[in-house]
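So the chains spell out like this:
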Amino acid sequence: MEGSALFPASPRRMARGRLFFANPGPTNIPDSVLLATARASIDFNDPAFLAVYDACFEGLKRVLKTEQHLFMYTASGHGAWEASLVNVLSPGDLVLIPETGHFSDSWAKMCGTLGFRVKTVPADWRRGVDLALVREALKADTAHDIRAVCCVHNETAAGTRLPIERVRGILDETGHPALLMADTISSLGCYDFRMDEWGVDVCVGGSQKGLMLPTGFSFTAASERALAAHRTSTHPRHYFDWTEMLARRQRSFVGTVPTTLFYGLQEALRLMLEEEGLEAVFARHARLARAVRACVQHWGGNSGPQLFCQNPERWSDSVTAVQMPEGHDAEAVRKIALERYNVSTGGGLAKLAGKVFRIGHLGDLNEPMILGTLASLELALADAGVPHAKGGVQAAMASLSA
Ligand code: PLP
């Protein structure tokens, strides 16, 4: 069909049936969440809305496993990254960033732009950072110059996880007072995160991944220690200022609250905390992630694609990055999968562009969606002439029925 100036024709082949969306964020939005957001506007100080808001506030803290403070912003994850830094640090402060991949690099770049000094702990993205090097960096800092350790819990670009609880252990063991900051943007609601038990001081999250919502708001959970650091921080800030927020009824949002998203959040929290249960949500993510890895490991059999993450201890339960065999372009496979089979996947970021594609297995997903995605990707590999061992889906099925 021909398009118009306002509604140009879709560049994709029109296909019937659903788009199978296997991106690592944004993610699929459950129908009941979509319907819950179809609300007329309401005053964000209306008591009817405040009841929903307060319930969401407490529900989100249950997902974070915290009883401490929560600040929210109308911004994507980048906003919460920035808010978290400018509220607890002062210009010139030193932060330590264990390298995980594109997202730890981007957070480090943001730190530099905002006027903080950055020390990174370099790592092989395929194996994950060596925690002994994190220990060494903290131990060497006898003057306690490092004010915060910024960790990406789930590196969405590499499909790896960083054991935040072990970083806490290292801080305790070395007696280092730095704040522990965690980016849980692609792990929260997918696999376990325990803010209070793990002694995380600052936790960054966003709406559009494990929480199964549209993109549109992000948040920081802050410990008492983080609030104490906030009181002495001299970094300029306005929209993101926690002091400003604490003076407000909502204790968040300098400006208009995205009310419709809160109706969606209320439903998403009901699904996660009441209908399925958080532990069952984690178990489902783990089960689907194992199936995806079984499939990719099978494909690798005939000089085919491999798991990008070579360290089983660091495998992510939310996203799997698939390393292409030398000389084959990941973008060609993604294009075929999208245009011919209506399956959307994530591309390789930064230095991984063209070298990996990423299968998101987080959020509102079940077995048939994963199996359909993997089967279609196997077709796309064949169409693109990429060597692989056939039968990856059988391996995924075997994993699911084990
Ligand atoms: N951190 C991680 C781990 C991410 O996966 C992303 C986005 O994918 C971000 C930060 C940035 O968040 P946003 O794109 O919502 O600004």
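Residues numbered from 1 in each chain as written. Predicted model: local features only at pLDDT ≥ 70, side-chain atom pairs only at ≥ 80, totals over all residues. Heavy atoms only, no water.

A. Molecular detail of the site of the ligand. Contacts to the ligand come from 13 residues, most closely from Ser76, His78, Thr156, Asp183 and Lys209. One nitrogen or oxygen atom from the side chain of Gln208 is found 2.8 Å from an oxygen atom belonging to the ligand. In this structure, Lys209 approaches the ligand through a side-chain N or O atom, which is 2.7 Å from an oxygen atom. Compared with its free state, where it exposes 390 Å², the ligand has 89% of that area covered by protein. Among the elements that make up the shell around the ligand, the one with the highest residue count is helix α3 (residues 77-88) (three residues). Grouping the amino acids of the shell around the ligand by side-chain chemistry returns four nonpolar, seven polar and two charged. (Near = heavy atom within 4 Å. Polar contact = N/O pair within 3.5 Å; in protein donor to acceptor, adjacent residues only side chain to side chain. Areas by Shrake-Rupley, 256 points an atom, 1.4 Å probe, with all protein chains shown as cover. Helix = DSSP H or I, 4+ residues; strand = E, 2+ residues; numbered from the N terminus. Nonpolar A, V, L, I, M, F, W, Y, C, P; charged D, E, K, R; others polar.)

B. Structural view of the packing of α3 against helix α4 (residues 102-113). Two elements in contact, α3 and α4, have axes separated by 11 Å at closest approach and are oriented at 50 degrees. Comparing the axis directions of α3 and α4 gives the class oblique. Every pair of crossing elements has a handedness; the one defined by α3 and α4 is right-handed. Judged by residue contacts, His78, Trp81, Glu82 and Leu85 of α3 engage Phe103, Ser106, Trp107, Met110 and Cys111 from α4. Its residues placed into classes, the contact of α3 with α4 shows six nonpolar, two polar and one charged. (Axes fitted to C-alpha atoms, helices over the stretch in contact; angles between N-to-C directions. Parallel < 35°, antiparallel > 145°, perpendicular 65-115°, else oblique. Left-handed = near helix turned anticlockwise from the far one by under 90°. Contact = heavy atoms within 4.5 Å.)

C. Molecular detail of the sheet that holds strand β4 (residues 117-121). Taken in spatial order, the seven strands line up as β2-β10-β9-β8-β5-β3-β4 in an open sheet, and their pairing is mixed. Taken across any chain shown, the strands that pair with only one partner, and hence form the sheet edges, are β2 (69-73) and β4. Direction aside, the axes of adjacent strands within the sheet are offset by 20 degrees on average. Bridge count between strand β8 (residues 179-183) and strand β9 (residues 202-206): three bridges; the pairing is parallel. By the bridge assignment for β9, Met181 is matched with Val202. In the packing of helix α2 (residues 47-64) onto the sheet, contacts are made with β2, β9 and β10 (218-222), and the angle to β2 comes to roughly 115 degrees. (Pairing = 2+ DSSP bridges.)

D. Here's a closer look at unusual backbone geometry. A cis amide bond links Gly25 to the next residue, Pro26, at an omega of 0 degrees. With respect to the helices, strands and loops of the structure, Pro26 is situated in the loop between β1 (20-22) and α1 (31-37). The phi dihedral of His144 falls on the positive side, at around 55 degrees, and the residue is not glycine. Tracing the sequence through the fold places His144 in the loop between α5 (131-140) and β5 (146-152). For His144, a relative accessible area of 34% translates into the label partly exposed. Of note in the backbone geometry, Arg251 takes a positive phi value of approximately 55 degrees without being a glycine. For Arg251, the position within the fold is in the loop between α8 (242-246) and α9 (259-276). Residue classification places Arg251 among the partly exposed positions, given a relative accessible area of 32%. (Buried < 20%, exposed > 50% of the residue type's maximum accessible area, 1.4 Å probe, protein only.)

These figures capture arrangement, not role.
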